[in-house]
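# A look at the structure
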Amino acid sequence: MTSQFPATDDVILGPGDDAAVVSAPDGRTVATTDVLVEGRHFRREWSSARDVGHRAVAQNFADVAAMGARPTGLLIGFAAPPDLPVDWADGFSLGVRDECAVAGGAVVGGDMVGSDTLTIAITALGDLQGRAPVRRDGARPGDVVAYTGHLGLSAAGLALLRGGIDGPAACLDEHRRPSPPYAEGVAAARMGATAMLDVSDGLAQDLGHLCRAGGVLIDLDSRALVPEPALVEGVRALGVPPERAEQAARDLMVAGGEDHALVAAFDPATALPDHWHRIGKVRSADQEQVKNSVNPVTVDGCAPPRGGWDHFRQG
Ligand SMILES: Nc1ncnc2c1ncn2[C@@H]1O[C@H](COP(=O)(O)OP(=O)(O)O)[C@@H](O)[C@H]1O
Ligand SMILES: Cc1ncc(C[n+]2csc(CCOP(=O)(O)OP(=O)(O)O)c2C)c(N)n1
Ligand SMILES: [Mg+2]
Ligand SMILES: [Mg+2]
Ligand SMILES: [Mg+2]
């Protein structure tokens, strides 16, 4: 499984010994881990082995990017039932290899064990290149909130798969192989982003973490949340009537997760990096207000949609 993973300049010693050695020129390494469990995070009927390889890497390197770091190394814990076809493991490895090539990191090690449930536990490393990490707790009142990447496509893709609907491809593809804007994490850090995270659970939910960490509130501007045409198309394919499609798509942007878009706060005097879209503002709050608030994140001053899925269960 390991020989097909190419090394990069960061790899001093790759897989094969008791541990790998990855360079960290400035002495600051970002480390993060995420686990994917069959049935909860992916289904073999909905995603190919190669898709799952892509997604496993993307989910982890998105967290590296969200700290403002450059992806360097990956360690892959692969726990599989004994009857897992060898082809599946090979396909998974190809997906991992190809997503590593996109993100810029390398597989430096891992472990393979037997398990009743197919489970993939990845640890990802990144290089801060001498910068301070962009944390969740740095947003200040008055900051602009902006995102880059996709919002809502993956959630639409999941709803389409659940409904057995074969399209539009842009939604299904984003669910199967999310495309985090890795390089934008570094770009945002260079531009002085005050706080940042990747959207895995849903925009409003994840921005809630940023609010609670920073003791602030965030209000999103619905006019700035412009759904991409493929998302509106996906919502239409789910059976939402045309007059409600735009709003349903916007709700998916706010409530859907797993696209691994990057969302960050910036000082209002800073020009946003290219490809970033302004979607809201950080507001001041007293600590108790934030701690006790069910919805520290609002849209036009109102509670955000609770979840994207309800819309489609109706249809
Ligand atoms: N079991 C755990 N042990 C230690 N830290 C954890 C554990 N689960 C989550 N964390 C930490 O909590 C933070 C948020 O985790 P999570 O919500 O999974 O983040 P993300 O959505 O970015 O993957 C991370 O810093 C993560 O490392
Ligand atoms: C089969 C299947 N069912 C449901 C989902 C939806 N889903 C699973 S986990 C998740 C949220 C993110 O996962 P989590 O494990 O919390 O990742 P993290 O936030 O740690 O990156 C979502 C929306 C899915 N991806 N696949
Ligand atoms: Mg996590
Ligand atoms: Mg994250
Ligand atoms: Mg994560």
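Treat the numbers as computed from the prediction; the structure is a model and nothing was measured.

What counts, and at which threshold
- Residues numbered from 1 in each chain as written.
- Chains lettered and ligands numbered in written order.
- Predicted model: local features only at pLDDT ≥ 70, side-chain atom pairs only at ≥ 80, totals over all residues.
- Near = placed C-beta within 6 Å.
- Nonpolar A, V, L, I, M, F, W, Y, C, P; charged D, E, K, R; others polar.
- Domains from an automatic or database assignment.
- UniProt positions renumbered as here; feature names shortened; annotations may be inferred.
- Helix = DSSP H or I, 4+ residues; strand = E, 2+ residues; numbered from the N terminus.
- Buried ≥ 20, exposed ≤ 12 C-beta atoms within 10 Å, placed from the backbone.
- Pairing = 2+ DSSP bridges.
- Axes fitted to C-alpha atoms, helices over the stretch in contact; angles between N-to-C directions.
- Expected span 1.5 Å × (residues − 1).
- Arc of directions from axis to C-beta.

In the vicinity of ligand 2, the contacting residues are Asp34, Arg40, His41, Phe42, Arg43, Gln59, Leu158, Ser200, Asp201, Gly257 and Glu258. Of the residues belonging to the shell around ligand 2, the class tally is 2 nonpolar, 4 polar and 5 charged. The residue makeup of the shell around ligand 2 includes at least three contributed by each of domain 1 (11-127) and domain 2 (144-314).

In the numbering used here, UniProt assigns the feature "binding site: ATP" (unreviewed entry) to Gly110, Asp111, Arg136 and Ser200. With the annotated positions falling across 91 residues, the maximum pairwise C-alpha distance of 31.0 Å shows that they are not confined to a single cluster. As for its position among the elements, Arg136 is in the loop between strand 6 (119-127) and strand 7 (144-148). Note on Arg136: 19 C-beta atoms within 10 Å, which makes it partly exposed.

This part takes up unusual backbone geometry. Pro168 follows Gly167 through a cis peptide bond whose omega is 0°. Inspection of the secondary structure puts Pro168 in the loop between helix 3 (153-162) and helix 4 (169-176). Of note in the backbone geometry, Glu258 takes a positive phi value of approximately 75° without being a glycine. Along the polypeptide, Glu258 turns up in the loop between helix 8 (242-255) and strand 10 (262-266).

Turning to the sheet that holds strand 6, a few remarks are in order. The 4 strands are arranged 3-6-4-5 in an open sheet whose pairing can be described as mixed. Lying at the two open borders of the sheet, with one neighbouring strand each, are strand 3 (29-37) and strand 5 (106-114). Averaged over all adjacent pairs, the angle separating strand axes in this sheet is 15°, with direction ignored. The pairing of strand 3 with strand 6 spans 9 bridges and is antiparallel. Across the sheet, residue Asp34 finds its bridge partner in strand 6, namely Ile122.

Here we come to the pairing of strand 6. Taken together, the 9 bridges between strand 4 (residues 70-80) and strand 6 define a ladder with antiparallel strand orientation. Residue pairing for strand 6: Pro71 is matched across the bridge by Gly126.

In this model helix 2 (residues 86-103) runs 26 Å from its N-terminal to its C-terminal C-alpha over 18 residues, within 8% of the 26 Å that 1.5 Å per residue would give. When we look at burial in helix 2, the residues that qualify are Phe92, Ser93, Gly95, Val96, Glu99, Cys100 and Ala103. Buried residues in helix 2, looked at end-on, bunch into an arc of 160°, giving them a common side. Of the exposed residues in helix 2, those oriented more than 90 degrees away from the buried face are Val86 and Asp87. Immediately downstream of helix 2, the backbone of Gly104 shows phi near 100°, a positive value.

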